[in-house]
Amino acid sequence: MNLVESIKMALKSIKSNKIRAILTMLGIIIGVASVITLVGVGQGSSQSVTDEIGSLGTNLITLSVNDTESVQLKDDQILEFQELNGISEVAPVVTGRINAKNQENTAQVSITGTTSSYLSVRNLTLSQGRFITDMDDELRQKVVVLGSTTADTLFPSENPVGQSVQIEGVSFQVVGVLESVGTSLGTSGDNVIIAPLSTTQRITQSTTIGTVYFQAESEDYVNRAMFQVQGVMTTLFPNSNDYYSVSSQEDLMETMTSVSDTMTLMLGGIASISLLVGGIGIMNIMLVSVSERTKEIGIRKAIGANRRSILLQFLIEAVVLSTLGGLIGVVIGLGVSKLMEVFSSITISYSPSVTLLAFLFSLLIGVVFGVFPANKASKLNPIQALRQE
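Remember, it's a predicted structure, so these values are computed and weren't measured experimentally. (Residues numbered from 1 in each chain as written. Predicted model: local features only at pLDDT ≥ 70, side-chain atom pairs only at ≥ 80, totals over all residues. Heavy atoms only, no water.)

Caption draft 1: The arrangement of the overall build of the protein in detail. Check the secondary structure of the protein and you find 13 helices and twelve strands. Out of the 389 residues in the protein, the part that is buried amounts to 43%. The long-range fraction of contacts in the protein, counting pairs at least 24 apart against all pairs at least 6 apart in sequence, stands at 80%. (Helix = DSSP H or I, 4+ residues; strand = E, 2+ residues; numbered from the N terminus. Buried < 20%, exposed > 50% of the residue type's maximum accessible area, 1.4 Å probe, protein only. Contact = heavy atoms within 4.5 Å.)

Caption draft 2: Region of the structure containing the nonpolar core. Ile 61, Leu 63, Leu 73, Phe 81, Val 212, Phe 214 and Met 233 are the most contacted members of the largest nonpolar core, which totals 25 residues. Of all the secondary structure elements, the ones that give two or more residues to this core are strand E1 (60–65), helix H3 (75–82), strand E2 (87–101), strand E11 (211–216), helix H8 (222–236) and strand E12 (244–248). The element contributing the most residues to this core is H8, with six residues. Setting aside its immediate chain neighbours within four residues, Phe 214 contacts Asn 59, Leu 60, Ile 61, Leu 63, Phe 81, Ile 87, Glu 89, Val 90, Val 121 and Val 229. One finds Val 109, Val 174, Ile 193 and Ala 195 within the second-largest nonpolar core, a separate group that totals 17 residues. (Core = buried A, V, L, I, M, F, W, Y, C linked by side-chain atoms within 4.5 Å.)

Caption draft 3: Molecular detail of the side chain of Ser 198. With respect to the helices and strands, the residue Ser 198 is situated in helix H7 (residues 197–204). Taking relative accessible area as the criterion, Ser 198 reaches 10% and is therefore assigned buried.

Caption draft 4: Quick look at the pairing of E12. Burial along E12 is one-sided: Tyr 244, Val 246 and Ser 248 are buried, while Ser 245 and Ser 247, pointing the other way, are not. Sheet topology note: the E1/E12 ladder contains five bridges and is antiparallel. Residue Leu 63 lies in a different strand from E12, and its bridge partner there is Val 246. (Pairing = 2+ DSSP bridges.)

Caption draft 5: Quick peek at the pattern of salt bridges. Taken as a whole and judged by the stated rule, the model has one salt bridge. A salt bridge links Arg 130 to Asp 136; the nearest nitrogen and oxygen atoms lie 2.9 Å apart. When its relative accessible area of 34% is taken as the criterion, Arg 130 is described as partly exposed. What makes Asp 136 buried here is its relative accessible area of 7%. (Salt bridge = Lys/Arg side-chain N within 4 Å of Asp/Glu carboxyl O.)

Caption draft 6: Examining the confidence of the model for the protein more closely. This prediction gives the protein a mean pLDDT of 79; 83% of its residues lie at or above 70. The weakest mean pLDDT in the protein belongs to helix H13 (residues 382–387) at 56; the strongest belongs to strand E5 (residues 143–146) at 93. (pLDDT = per-residue confidence, 0-100.)

Caption draft 7: Broad picture of the environment of Ser 117. Following the sequence through the fold, Ser 117 ends up in the loop between strand E3 (106–114) and helix H4 (118–121). For Ser 117, a relative accessible area of 13% gives the class buried. For the pair formed by Ser 117 and Val 90, sequence separation is 27 residues and the distance between their alpha carbons is 6.3 Å. For Ser 117, the contacting residues outside a window of four places in its chain are Glu 89, Val 90 and Ala 91.

Caption draft 8: Up close: a negative patch on the surface. A cluster of acidic residues, Asp 75, Asp 76, Glu 80 and Glu 83, forms a negative patch on the protein surface. When you line up the elements, Glu 83 lands in the loop between H3 and E2. Classification of Glu 83 by relative accessible area gives exposed; the value is 66%. (Patch = residues over 30% accessible without salt bridge, like charges linked within 9 Å, V, L, I, M, F, W, Y side chains within 5 Å. Areas by Shrake-Rupley, 256 points an atom, 1.4 Å probe, with all protein chains shown as cover. Lys, Arg positive; Asp, Glu negative; His and termini not counted. Charge placed at Lys NZ, Arg CZ, Asp CG, Glu CD.)

Caption draft 9: Structural view of the packing of H3 against H8. Contact pair H3 / H8: the axes reach a minimum separation of 10 Å and the direction vectors enclose 145°. At the point where H3 passes H8, the crossing takes the right-handed sense. Facing H3, whose interface residues are Gln 77, Glu 80 and Phe 81, H8 presents Val 229, Val 232, Met 233 and Leu 236. Taken together, the residues that form the contact of H3 with H8 break down as five nonpolar, one polar and one charged. (Axes fitted to C-alpha atoms, helices over the stretch in contact; angles between N-to-C directions. Left-handed = near helix turned anticlockwise from the far one by under 90°. Nonpolar A, V, L, I, M, F, W, Y, C, P; charged D, E, K, R; others polar.)

Now the structure itself:
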């Protein structure tokens, strides 16, 4: 019997037992679809995080103070960073939580005190008005720039620019509104108020700077600039390396990518378990099929079929079942992924290599779990098989 005839017989056997064949393939279908969908979600999340970090600028360097009691950065110390070669902009930041309100609406938001450099360093865009200036900071002007969500909350039906906002009982003039930046790493960038650094220090009653953003002149200067920043901090605060950190977007991107890849691998591994369960289902059904068709096997052997032909017949049946299940699983997996992308905010990354690997794995499952039943069928004694009722 040649390969084509064996495949025809396998399809005929599957067709005669449709319900059993569908139930047998169900494990493979679910397994392949799960692998494609879950790995797509994992890779999509990784790509989304990478894009978010990249949108902040690849030449951004962040100095974060973890313990403001041990490391107290002051305004005059920031000047030392501005003199470093390879750094084009420096934006010190003081943050806090405040209550803001106008005549009708109230909002509890975070306030960011900074300088004019913050706009370019954080890659922000204004939708209305202007940003704070160095003059505003020097004169401690009571002016603010609103995030898009804050602007919509406080001024839902009017232009905020030129209006007044009460912050902790003090009147501030709105001079600008930021374009929406969405949510980045779980934190909204729109529910914020930006004010001059000196003014914010007075509001929060804290002169300690918790974060400083630096913009390197180019990507090529990032590593050099990080070493320079680290050097200045070591000079200012010797033996305090544990209380602050200097990082770049590339460092953050590598860390988040590593975490996302681990999660993707874990999701793919969990989904692959259902493929193994599907393979066990194929083996069980094929063993039942061997028992049911013992007499048929005896007749075939009696008229000249050799062991290889019997082995090939049952092995091909198992492979055909897993192949059909794999193909259906691929279609369902891609379909579910597309629906999730359309009807939810989840980002899905379609990977041809993962799809092909899941399908090939389903074929391997058919071969591995089909060998034992096929081998058992090929070893049946024809005389004993013919006596089987």
